[in-house]
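Summary of the model geometry
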Amino acid sequence: SGSSAISKPTSAPAAPRAPAAKAAAVSKVPPAKAAPAPAPAATRPTQEQENDAQANNRNVNADSQKEIAALKLANQESTRAYAELRTEMEGLEKERDFYFEKLRDIEIVLQDLEDRGEGTSVSASLFKILYATADGFEPATTEGPAASVDVFPDSAAHDDAQESY
């Protein structure tokens, strides 16, 4: 029984370990997510608080629904009023155009009389009425042959006509 001079060491020297970050990178498998820890009892809402929150949400939703309904009703009313005003405006425009055409026809007849030298004091009076302006109203300037015709050769008569209306 011979003893061997070589004895086994009792502890082997530890092999160097890779840091944990490197080990995770090498595996390429994401670490499992841990479930969130339950909130402490003091921060969790009580059943009463949850019921109050739900009731508040119902009240807010009901209030919002009422407001939406009121806004829709107001929008419908505005749309109806706009349609009425639009129809009325179209009728007034047609009436305006009708009477404008009548006055334009009268003006043409009177202008023809003046151009032929058959104008009378009546035609001059009618021109005064046709060309009279209201205070603060500027007549449109016309271009073309009608603008060059001097309806009132006597400018004093024309000025008197404008002042009388």
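Here's a quick rundown of the structure. These figures come from a predicted structure and were not determined experimentally. (Residues numbered from 1 in each chain as written. Predicted model: local features only at pLDDT ≥ 70, side-chain atom pairs only at ≥ 80, totals over all residues. Heavy atoms only, no water.)

**Section: the pattern of salt bridges**
Enumeration over the complete set of coordinates arrives at six salt bridges. The salt bridge partner of E107 is R104, with a shortest N-O separation of 2.7 Å. Of the two residues, E107 and R104 both sit in helix α2 (residues 47-115), three residues apart, roughly one turn of that helix. Classification of E107 as buried rests on a relative accessible area of 17%. On the basis of relative accessibility, which here comes to 33%, the residue R104 falls in the partly exposed class. As a salt-bridge pair, R116 and E118 come within 3.4 Å of each other at their nearest N and O atoms. Of the residues examined, E118 reaches a relative accessible area of 44% and is grouped as partly exposed. Bridged by salt links that share partners, the residues E77, R80 and E84 form one connected network. (Salt bridge = Lys/Arg side-chain N within 4 Å of Asp/Glu carboxyl O. Helix = DSSP H or I, 4+ residues; strand = E, 2+ residues; numbered from the N terminus. Buried < 20%, exposed > 50% of the residue type's maximum accessible area, 1.4 Å probe, protein only.)

None of the figures reported here should be taken as evidence of function without further support.
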